[in-house]
Amino acid sequence: MPASENITNVIKKSCSEIENTVAEKEKRGAEAAEVIRDVINTFFDELKKSGFSMDLDEFIESKLEKKSKKCLDIAKESIDSFKETNNKLQDITETHTIEIERIADETSGIDVQTFRNRFNAFQKDLLAELEHANDIIRSLEREIEELQKQSNIDPLTKLFNRKALEIDSHELLKHGDERNLDLVALMIDADDFKKINDTFGHVAGDKVLILLAKLFKSSIREYDRAYRYGGEEFLIIFNRAKKEDAVKVAERIMQLVRNNKLIYKNQVIRITLSMGLTEHQKGDTLETLIERADAAVYEAKKSGKDRLVIR
């Protein structure tokens, strides 16, 4: 990790790059939105090139997680409050029903039937309102459920994110201290992704990530899961699978990626992958699994990229 005092130099260099970017955009009359987007991308690129990528990713992820949690907490609190109010109204209605029936039965000198009719109308309207409130509650609960799902999805690739991985790992590995599990981790890194971004631009880079995500999802079973681990890194967890079967899927994915070149602005972008595969061993945690898979990816990179290494 670079020393924190180097951030000043990175910011100075970013400002210089930004000045050049803005000047170039102004010359050709670019729109403000385009200038702002390129300024932000320039600053982020300088941070990543200088070794602050992990810090930046953690910062962004923590901000998104805090906002997501706050939104969910507020929504849940609103529903709980709504439910409590609804229950109180029902209790009040039932209590008054019993009391008015008692008064009506014991009281003489009034038109009891008219009294009952009027109360029944009141009760009917009130219960209708309560039913309407219940409909709103059910609708809000469905929206909360959908919001919780969305908070576990990477917005670009529509794969599961690291938050979802942490949640899933608790269930997947809960018996991992007792025995070897039929579980395989496959770490995937897009080769030379920075070069793709620098050559073709960030929009092209995003399209590459989206294409990869589609190929991953189309290659795995319904009870396997693909995650965007960070940047151009992905993780596939094969559940209830043998290493040999996971290897076959990994090799099929590599071939699919080789065969599916991306055409962007009449230019061909060819993609290859470096992969690291490891199977669960008794006592493994999510961290130890990922460490082995990551080490295998590093070995694949050193050996020439576009290959699978098994640990």
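Here the structure is a predicted model, which is why all the values come from computation and not from measurement.

Observations regarding the nonpolar core
Ranked by size, the top nonpolar core spans 36 residues in total, and within it Leu186, Leu212, Phe216, Ile236, Phe238, Leu273 and Met275 carry the most contacts. Those elements that provide at least two residues to this core are strand E1 (183–190), helix H6 (193–200), helix H7 (202–219), strand E3 (233–239), helix H8 (243–259), strand E4 (262–264) and strand E6 (273–279). Residues within four places of Ile236 in sequence aside, it is in contact with Val184, Ala185, Leu186, Ile188, Phe216, Ile220, Arg225, Ala226 and Ile253. The next biggest cluster of nonpolar side chains, apart from the first, holds 16 residues, and it includes Ala164, Tyr229, Ile237 and Ile290.

Topic: the packing of H7 against H8
Their axes nearest at 10 Å, the elements H7 and H8 cross at an angle of 145°. In the packing of H7 onto H8, the handedness of the crossing is right-handed. Across the interface between the two elements, Leu212, Leu215, Phe216 and Ser219 of H7 pack against Val249, Arg252, Ile253, Leu256 and Val257 of H8. Its residues assigned to classes, the contact of H7 with H8 comprises seven nonpolar, one polar and one charged.

So, the sheet that holds strand E7 (residues 307–310)
If you trace the five strands from one edge of the open sheet to the other, you get E2-E3-E1-E6-E7, paired in mixed fashion. Either end of the sheet is taken by a strand with one partner, and the two such strands are strand E2 (225–230) and E7. Put simply, the sheet's adjacent strands are angled 20° from each other on average, direction ignored.

A look at the side chain of Ser169
Assignment of secondary structure puts Ser169 in helix H5 (residues 162–172). Side-chain polar atoms of Ser169 contact the backbone oxygen of Glu166, separated by 2.8 Å.

Notes on unusual backbone geometry
Phi is positive for Asp192, close to 55°, though the residue is something other than glycine. Checked against the element boundaries, Asp192 lands in the loop between E1 and H6. Non-glycine residue Asn266 carries a positive phi angle of around 65°. Within the secondary structure, Asn266 sits in the loop between E4 and strand E5 (267–269). With a relative accessible area of 78%, Asn266 lands in the exposed category.

Concerning a negative patch on the surface
On the surface, Glu166, Glu287, Glu291 and Asp294 cluster together into a negatively charged patch. Residue placement: Asp294 occurs in helix H9 (residues 286–302).

What about the packing of H6 against H7?
Interaxial distance between H6 and H7 falls to 7 Å at its minimum, and their mutual angle equals 140°. For the element pair H6 / H7, the angle class is oblique. Side by side, H6 and H7 meet where Phe193, Ile196, Asn197 and Phe200 of the first sit next to His202, Ala204, Gly205, Val208 and Leu209 of the second. Looking at side-chain class alone, the contact of H6 with H7 contains six nonpolar, three polar and no charged residues.

Regarding the pairing of E2
Relative to E3, E2 is paired through five bridges, and the arrangement is antiparallel. Bridging across to E3, Arg225 finds its partner in Ile237. Linking E2 to E3, which pair antiparallel, is a turn of two residues; within it Gly231 sits at a positive phi near 60°.

Rules and cut-offs
One numbering rule holds for all chains: residues counted from 1, following each sequence as written. Since the coordinates come from a predicted model, pLDDT governs what is reported: local features require at least 70, and pairs of side-chain atoms require 80 or more to be given and counted, while whole-chain, interface and lining totals use all residues. With hydrogens and water set aside, each side-chain value is computed from the structure's full complement of heavy atoms. Residues belong to one nonpolar core when they are buried, are Ala, Val, Leu, Ile, Met, Phe, Trp, Tyr or Cys, and are joined through side-chain atoms within 4.5 Å. Working definition: with a 1.4 Å probe on protein chains only, accessible area under 20% of the residue-type maximum means buried, over 50% means exposed, and in between means partly exposed. Helix numbering and strand numbering both begin at the N terminus, where a helix is a DSSP run of H or I of at least 4 residues and a strand a DSSP run of E of at least 2. Residues count as neighbours in contact if any of their non-hydrogen atoms are within 4.5 Å of one another. All axes are obtained by fitting lines to C-alpha atoms, using only the stretch in contact for helices, and the reported angles, taken between N-to-C directions, cover 0 to 180 degrees. Note on convention: near helix rotated counterclockwise from far helix by under a right angle means a left-handed crossing. Clockwise means right-handed. In this classification, the charged set is Asp, Glu, Lys and Arg, the nonpolar set is Ala, Val, Leu, Ile, Met, Phe, Trp, Tyr, Cys and Pro, and all remaining amino acids, among them Gly, are polar. Whether two strands pair depends on DSSP finding at least two bridges between them. Here a polar contact is recorded for every N or O atom pair within 3.5 Å, except that within protein the pair must consist of a potential hydrogen donor and a potential acceptor, and residues adjacent in sequence are included only if both atoms are side-chain atoms. Here a patch means residues that are over 30% exposed by relative accessible area and free of salt bridges, tied together within 9 Å if like-charged and within 5 Å if nonpolar (Val, Leu, Ile, Met, Phe, Trp, Tyr). Here, Shrake-Rupley sampling with a 1.4 Å probe gives the accessible areas, and only protein chains in the shown set may cover a residue. Criterion for a salt bridge: a side-chain nitrogen of Lys or Arg within 4 Å of a carboxyl oxygen of Asp or Glu. His is not counted, nor are the chain ends; Lys and Arg add positive charge and Asp and Glu add negative charge. We put the charge of a Lys on NZ, of an Arg on CZ, of an Asp on CG and of a Glu on CD. Note that the term roughly parallel is reserved for angles under 35 degrees, roughly antiparallel for angles over 145, roughly perpendicular for angles of 65 to 115, and oblique for everything else.

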